[in-house]
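Each chain is listed here by its residues.
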Amino acid sequence: MAYKRNINKLPIIPKGAKKHNVVCNYCIVGCGYHAYTWNVGADGTTTNNIFGENLSVQQGADSDAWYSPSMWNIVKQNGKDVNIVIKPDKNCVVNSGLGSPRGARQGELNYSQSTSTQLQRLTDPLVYRYGQLQPTSWDDAIGLVADVTKAVIDDQGEDGLFVSAFDHGGAGGGYENTWGTGKLYLESMKIKNIRIHNRPAYNSEVHGTRDMGVGELNYCYEDTELADTIVSVGANSLETQTNAYLNHWVPNMRGTSMDKKKKQLPGEDHAPARMIFVDPRRTVTINSAEAEAGKENVMHLAINSGTDLALFNAWMTYIDSKGWVDKDFIKASTMDYDKMVKGNKTSLSEAAKITGLTTKQIQQSAEWIAKPKGNKRRRTCFVYEKGLIWGNDNYRTNCSLTNVAAATGNIGRPGGGCCRMGGHQEGYFRPADGFIWEGNPAKPPYVDKLLIEGKGGVHHVWACDHYKTTLNAHEFKRVYKKRTDIVKDAMNEVPHGDRKALVKAIMGAIKKGGLFSVDVDIIKADIAEAAHVILPAATSGEMNLTSMNGERRMRLTERYMDPPGQALPDCIIASKLGEAMGFSGYGWKTEEDAFMDGYHNGTGKIVTYDRLRAMGNNGVQEPVIDYKDGKLVGVKRLYADGKFDRHGKDHKKLIFKESKWRGLQAPGKEAQKKKFKYLINNGRANHVWQNAYLDRKNQFVTDRWPYPFIEMNPSDMKNIGVSEGDLVEVFNDDGSTQAMVCPTPTAKKKETFMLFAYPTGVVGNVVNDGVNEVIIPNYKQTWANIRKLANKPSGVNHVSFKSKEYKI
Amino acid sequence: MKKTGKRCQRLVDEGRRSFLRGSAASVGTIAAATILQTKKVEASNFPSNKLANVKDLKTNVPLDINYPDEDSPGVLLKLGSKVEGGVGPDGDIVAYSVLCPHKGYPLNYNDADKVFNCPGHYSVFDAEKGGLQVWGQATQNLPQFKLKISSGGDIFAEGVDELIYGRLSNVL
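Residues numbered from 1 in each chain as written. Chains lettered and ligands numbered in written order. Predicted model: local features only at pLDDT ≥ 70, side-chain atom pairs only at ≥ 80, totals over all residues. Heavy atoms only, no water.

Q: I'm lost on the sheet that holds strand β2 (residues 63–66) of chain B in this one. Help?
A: Sheet strands pair via backbone hydrogen bonds, and the direction of the pair is either parallel or antiparallel. All names here are of chain B. Reading across the sheet, the 3 strands line up as β2-β3-β4 and stay open at both edges, with antiparallel pairing between neighbours. The sheet is open, and its two borders are formed by β2 and β4 (93–97), each paired with just one other strand. Taken over all neighbouring pairs, the strand axes of this sheet differ in orientation by 30° on average, direction set aside. Pairing between β2 and strand β3 (residues 73–78): 4 bridges, direction antiparallel. Following the sheet pairing, N66 is matched in β3 by P73. (Pairing = 2+ DSSP bridges. Helix = DSSP H or I, 4+ residues; strand = E, 2+ residues; numbered from the N terminus. Axes fitted to C-alpha atoms, helices over the stretch in contact; angles between N-to-C directions.)

Below, the structure is given as structure tokens:
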């Protein structure tokens, strides 16, 4: 049976409950919420409550006066038990009161000893002692980390210290924490062997657009309400940027943003949006768009996997040949247009051959993008995400799409934009990192590869879990375990309490190929199985935290509860470690100190916690340029003035890029495709946040997905001899993993789709180590064979395998 | 083909109307509250309410019911094949709330797939799997009414396994 909480009643929020601004700490959209807290036993009543509503009667749809059991919990606040309800903010312009199936569970995803939720949270520093990880003091744990790290640097130089660190926002960092870690590793030290949470190097996923001068988050969500056409590339936004889609795209498809269009953009024709989806797979996003906009206004370009670039270049060629480009803009604000058009020339028939589309589909989609409406330019908003970012030839494909958006005058204009949709929120503020990219050609170190090759002596891991979220994961885990076990065995030989002897033994093991692993996280990640020291971190809401969302909207989440046990904000942990290693400039007492030291001082000294707090859940859109009349002043959309600076060039022109089709770019992909039968496309599901680090202990989620699903066409299932729910092994020469079969008639034959980064089956195990010229992985173009492991396990009997699609 | 009871269809129409106003629109009280009479019920344990008799049910045709009070719309459904949690001679009778536990929009029964669909934000709940959210935006599966059948075939509801949308106490 489906999981049910059997909660029949919730405590009512009383008048006078404390109200905290909260931005959902999960996805890029950053929906506004409020956390209400009040003492246990001091509940409101049906007639006397914070809503001023009579709660003894049924509330209507979209009621602000209702919250689900998943939004409630009992947590510690200043050492006392309090009720907490974290509910969506109706007045936040991002989500207008909508909660996603991830964010609307923030309440029950808090640590609670009263309701036994998230008891997996780390409460104390742990060190490897007596053959196990044992609790200890901060001084002991930090002291050991500092001593070993210093010894490794003395022996190998700073290149012996490897770092994996978050660099985003929300639960993936925040300005305070990226600064804390950044100051330690990029300023106090100059660590080159550093990587980010989901990829094996320290790099942007969108170098292409940046080199053209175009920052990847250049629009505002309102542009998707104003656009004539929305082009979505490799993005399944209903599931992965849920409320940006529901609150901003859907009104445009439905026509409910028409008044806004007429008011803001007078003097031109307006109609509900047309939608173009570029995705080899039919998604629930496409299903819902058809329901909202009508099938006649939706084009699904189900291209051959990895061929996006050819499609974009054909669009560019066709649009140029028709003269549907913004000539004034190209002349005033760009360079290398003619060179790009010539270099990227691709005919409709060439593109049709590569992509598997018809020439008519390519031509019609080009018309929807750029054919003028009357005598006015069509407003087209281009968005893309992991299908492009983690797909074939990332750099060039990114350029090809941005070429089309720029040539049609759609960057910096209302209803336009050429933006990534995003995964995590952003929250990057760090010292200069150019030294990481030294070399010819310039590229960052491929950190995972170096670790596999035996390089490095100590590895600091900040909220990263390579065991679930990297490529070539099978091999990585094998080597990582082996190397860290060498150090564990050496530690076992040292009598208790003798730090000098311990460090000596560890260094001896490192010389034999061992690796000392330090894991800083909020939970015990899978990679922490290998750790020698684990340091417990606080997360958003247990500390004040600032981040920005996919339209650069910066806000402050206010601390609403205590961190578990001795857990501390990451920036404070970095500060402690910096001091223990003898560096100056730390000693922060609070996260606000770190914010002021980094973001505030480095961005014109305008933004403070007090000022941000006053801006509430609507915050301010970065860059913040002023503080006026008691308000922070930001920028609604970038590049409205036609000046492009993301490449750092003084001329401030957008540089069009030649980006020719060259087949499957990453090493090993073509051979893998030839050898193995099934495409193992992969990505997210809306129930699950990131690698399920919290959801793995949330029964609502694990009940729905006990194992990662693999969507398969029924004829493929027949060929393999499997039924719904059966466990299969997915395997190739790079590794193997498992998944649960989900019959999917809309899936193309031999093209499967597997849930990414799930604890009970890691797709990264079968993703080969091929990367692009700037070390961006290609997760999407993966091929493997599939064999039956077992009939449906009993833990799957209750699971539904019916269509996920909404049917009118 | 979808089949819904008359009242259920009306709820769906109401839901669509509010849906068309857009998610950003402030809709306050709509759907259930405007359609249904509001009636205060004293807080108590779950009532045992007769919903219908087995004879009243047609296979795979939802019958409109209300539980635990008349302001909480639901359906009684004879699925046609035995399911876990089903009651009746064939073990196939179930009952659910039809307010989507995400935002309270009235659900629509799809008899081909035997699922409930939400016109608000496209959620899908499986009537044959205890209301499991196949896909959707809610953070809970669909509230199911606990049923008991008398020797004469009368079907009684005697409890609910999740919080019904729009009320902070299932029994108001």
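There is more to say, and it comes next.
Q: Can you walk me through the pairing of strand β8 (residues 132–135) of chain B in this structure?
A: Here 3 bridges tie strand β7 (residues 124–126) of chain B to β8 of chain B, and the two strands are oriented antiparallel to one another. Bridging from a neighbouring strand, V124 of chain B pairs with W135 of chain B of β8 of chain B.

Q: Please clarify how the interface of chain A and chain B should be interpreted in this entry.
A: At the interface, 62 residues of chain A touch 68 residues of chain B. The junction of chain A with chain B conceals about 5,600 Å² of combined surface from both sides, 52% of it contributed by carbon and sulfur atoms. Taken as a group, Q58, W66 and Y806 of chain A account for 15% of the area that chain A buries against chain B, more than any other trio of residues on that side. Counting across the interface, chain A meets chain B through 5 salt bridges. Inspection of the chain A/chain B interface yields 40 residue pairs in polar contact (both at pLDDT 80 or more). For the side of chain A that touches chain B, the secondary structure elements donating two or more residues are α5 (237–240), α6 (242–254), α8 (284–293) and α23 (699–704) of chain A. At 6 residues, α6 of chain A tops the list of elements feeding residues into the side of chain A that touches chain B. Of the residues in the side of chain A that touches chain B, the class split is 25 nonpolar, 23 polar and 14 charged. (Contact = heavy atoms within 4.5 Å. Buried area = accessible area lost by both parts, 1.4 Å probe. Salt bridge = Lys/Arg side-chain N within 4 Å of Asp/Glu carboxyl O. Polar contact = N/O pair within 3.5 Å; in protein donor to acceptor, adjacent residues only side chain to side chain. Nonpolar A, V, L, I, M, F, W, Y, C, P; charged D, E, K, R; others polar.)

Q: What is the right way to read the packing of helix α2 (residues 175–188) of chain A against helix α20 (residues 591–602) of chain A from this model?
A: To describe two helices that pack against each other, one gives the angle between their axes and the distance between the axes. Residue and element names in this part refer to chain A. Following both chains from N to C, one finds α2 and α20 inclined at 70°, their axes separated by 8 Å at the closest point. In terms of orientation, α2 lies roughly perpendicular with respect to α20. The handedness of the crossing between α2 and α20 is left-handed. Across the interface between the two elements, Y175, E176, W179 and K183 of α2 pack against E591, A594, F595, D597, G598 and Y599 of α20. (Parallel < 35°, antiparallel > 145°, perpendicular 65-115°, else oblique. Left-handed = near helix turned anticlockwise from the far one by under 90°.)

Q: Looking at this model, I keep getting lost on the confidence of the model for chain B. Mind explaining?
A: Caution applies to low-pLDDT regions: their predicted coordinates should not be interpreted in detail. Residue and element names in this part refer to chain B. Counting all residues, the mean pLDDT for chain B is 82, and 74% of those residues have values of 70 or more. Contacts from residues 1–44, a stretch scored under 50 in pLDDT, to residues over four places away or in other chains number 101 contacts. Among the scores for the predicted complex, ipTM is 0.97 and pTM is 0.95. (pLDDT = per-residue confidence, 0-100.)

Q: Would you mind going over the packing of aromatic side chains with me for this structure?
A: The way to describe two aromatic rings as a pair is by their centre distance and the angle between their planes. Inspection of every chain in the model, using the stated rule, returns 30 aromatic pairs over all chains. Measuring from centroid to centroid gives 5.3 Å for F595 of chain A and Y599 of chain A, while their planes differ by 15°, and the two rings are stacked. One end of the pair, F595 of chain A, and the other, Y599 of chain A, are both in helix α20, 4 residues apart, so they sit about a helical turn from each other. Both residues of the pair, F595 of chain A and Y599 of chain A, belong to the buried class. Between Y96 of chain B and F116 of chain B the ring centres are 5.6 Å apart and the planes differ by 70°, which places this aromatic pair in the edge-to-face class. You can see Y96 of chain B sitting in strand β4 and its partner F116 of chain B sitting in strand β6 (residues 115–117), a full 20 residues away along the chain. A single burial state applies to Y96 of chain B and to F116 of chain B, both of which are buried. Put simply, the rings of Y175, W179, F429, F595, Y599 and Y609 of chain A pair up and form one aromatic cluster. The ring of W705 of chain A carries R704 of chain A above its face, with NZ or CZ at 4.0 Å from the centroid. Residue placement shows K804 of chain A over the ring face of F709 of chain A; its charged tip is 3.9 Å from the ring centre. (Phe/Tyr/Trp six-rings, centres within 6.5 Å; stacked < 30°, edge-to-face > 60°. Buried < 20%, exposed > 50% of the residue type's maximum accessible area, 1.4 Å probe, protein only. Lys NZ or Arg CZ within 6 Å of the ring centre and 35° of its normal.)

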